[in-house]
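Report on the structure
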Amino acid sequence: MISGDLTLRTLNASSFAQQAVTFLCLDFSGQSSRFNELPKTRCPSGIRSQINFPSCWDGVNTDSPDHKSHVAFLSTGPDNGTCSDPMFPVTIPRIFMEVYWVTQAFDDFRRQAAVPDQPFVFSNGDPTGYSYHADFMNGWDEGVLEQALDGCNCNPYGDPSCCAAKGLFDIDQTRQCYITNTVDEITLGTLDSLPGSNPVQADCYEQFSASYTPALLSPAFIYSTAGQTLSSTATISVAAQTVTIPQKAQGTCISNEASYLSFRLSTYIFATIWAICVLHLTTYI
């Protein structure tokens, strides 16, 4: 199941799917503000990206070709309403995902960016935030997720400590879980361009071409100690490719200023930002 659309660069305020994506400009010493796009202002305590998943199911299909058509949002929006549409009559657990981005760590470098008021860009080349999206794939052992939904309701916020208190998992143990790279590409540190050589696309780009796909590595290895030396290593399973994939922005363009389109990759702040991801599971009554 997917929520969001990676091709979007503009906002349709009446779309429940786009209402499901928001950004909170955090200020732990004052008042935080919510936006539909990446905030064009400094956020003293960082940015929290938020995304809701659909909560209504057709009751038949466990998936669909676009990974969206078998589900729908609640009757009055992502946060409220009921599953009153007869095409999607079954209420499913609500999934709400938050990611905390420590953007305040880069405040001293904002003036070096082409657009200092909003210097950040997602790795797919989107500087607006409208393309923010998330996938949910159920890989839980059978019965574990149901146990969590039935027994971890100590508060309405999906607090993982509720499940830890029930003995379903150990929070400290989950923090000691690492996985090896599955893509043969440097993604940490100061980069000359975005991963995959993705171009930065303005909010009304007409078309761009993804011309490089890095090699894929397999198998992936899971280990429990940071910096651990593994006895086995992954090898290239799919070679790097040079292909052209034309793609146009979806939605209605609201501006197309030349000054916005003239950004240079070298003037963007390309950085990997530490993120804390919290998956909220809440059952609607």
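Numbering of residues starts from 1 in each chain and follows the order in which that chain's sequence is written. Local features in this predicted model are restricted to residues whose pLDDT is 70 or higher, and side-chain atom pairs enter the listing and the counts only when it is 80 or higher, whereas totals over whole chains, interfaces and linings include all residues. Side-chain measures were taken over the full set of non-hydrogen atoms in the model, leaving aside hydrogen atoms and water.

An unreviewed UniProt entry annotates the protein chain as DUF1996 domain-containing protein of Psilocybe cubensis.

Next up on the list: the environment of Met137. Runs of E in the DSSP output that reach at least two residues are strands. Runs of H or I that reach at least four are helices, and both are numbered from the N terminus. By the element assignment, Met137 lies in the loop between β9 (133-135) and α2 (144-151). Remark: the alpha-carbon pair of Met137 and Ile2, spanning 135 residues in sequence, is separated by 9.0 Å.

With that settled, consider a nonpolar patch on the surface. A cluster of nonpolar side chains, namely Val183, Leu216 and Val238, defines an oily patch on the protein surface of about 190 Å² accessible area. The topology assignment puts Leu216 in strand β12 (residues 216-218). Three exposure classes are used, based on accessible area relative to the maximum for each residue type with a 1.4 Å probe and protein chains only: buried under 20%, partly exposed in between, and exposed over 50%. A relative accessible area of 36% means that Leu216 is categorised as partly exposed. Every patch collects residues that have over 30% relative accessible area and no salt bridge, joining them within 9 Å if they carry like charges and within 5 Å if they are nonpolar side chains (Val, Leu, Ile, Met, Phe, Trp, Tyr). For accessible areas, the Shrake-Rupley method is used with a probe of radius 1.4 Å. Any residue's cover is judged against the shown protein chains and nothing else. Any carboxyl oxygen of Asp or Glu that lies within 4 Å of a side-chain nitrogen of Lys or Arg is treated as forming a salt bridge with it.

To continue, consider the sheet that holds strand β6 (residues 71-72). At least two bridges found by DSSP between two strands is the condition for calling them paired. Strand order in the open sheet made by the three strands is β6-β5-β7, with antiparallel pairing throughout. Each edge of the open sheet carries a strand with a single partner, namely β6 and β7 (90-91). Examined bridge by bridge, strand β5 (residues 56-57) and β7 share two bridges and lie antiparallel to one another. If you follow Trp57 over to β7, its bridge partner there is Val90.

A few words on the pattern of salt bridges. Applying the stated criterion across every chain yields a total of five salt bridges. A salt bridge links Asp107 to Arg110; its shortest N-O distance comes to 3.8 Å. You'll find Asp107 and Arg110 in the same group, each marked buried. Look at the salt bridges and you will find they share partners, linking Arg42, Asp107 and Arg110 into a network.

All right, on to the state of the cysteines then. Any cysteine sulfur atom paired with another within 2.5 Å is treated as part of a disulfide. Going through the model one piece at a time under the given rule, you end up with three disulfides. Each disulfide pairs two cysteine sulfurs, and for Cys56 the partner residue is Cys83, the sulfurs being separated by 2.1 Å. Judged by the torsion about the S-S bond (-90°), the Cys56/Cys83 disulfide is left-handed. Highlighted residues: Cys56 in strand β5 and Cys83 in the loop between β6 and β7, separated in sequence by 27 residues. The class for Cys83 is buried, based on a relative accessible area of 14%. Between the sulfur atoms of Cys152 and its disulfide partner Cys163 the distance amounts to 2.2 Å. Its S-S torsion of about 120° marks the bond between Cys152 and Cys163 as right-handed, since a negative value means left-handed.

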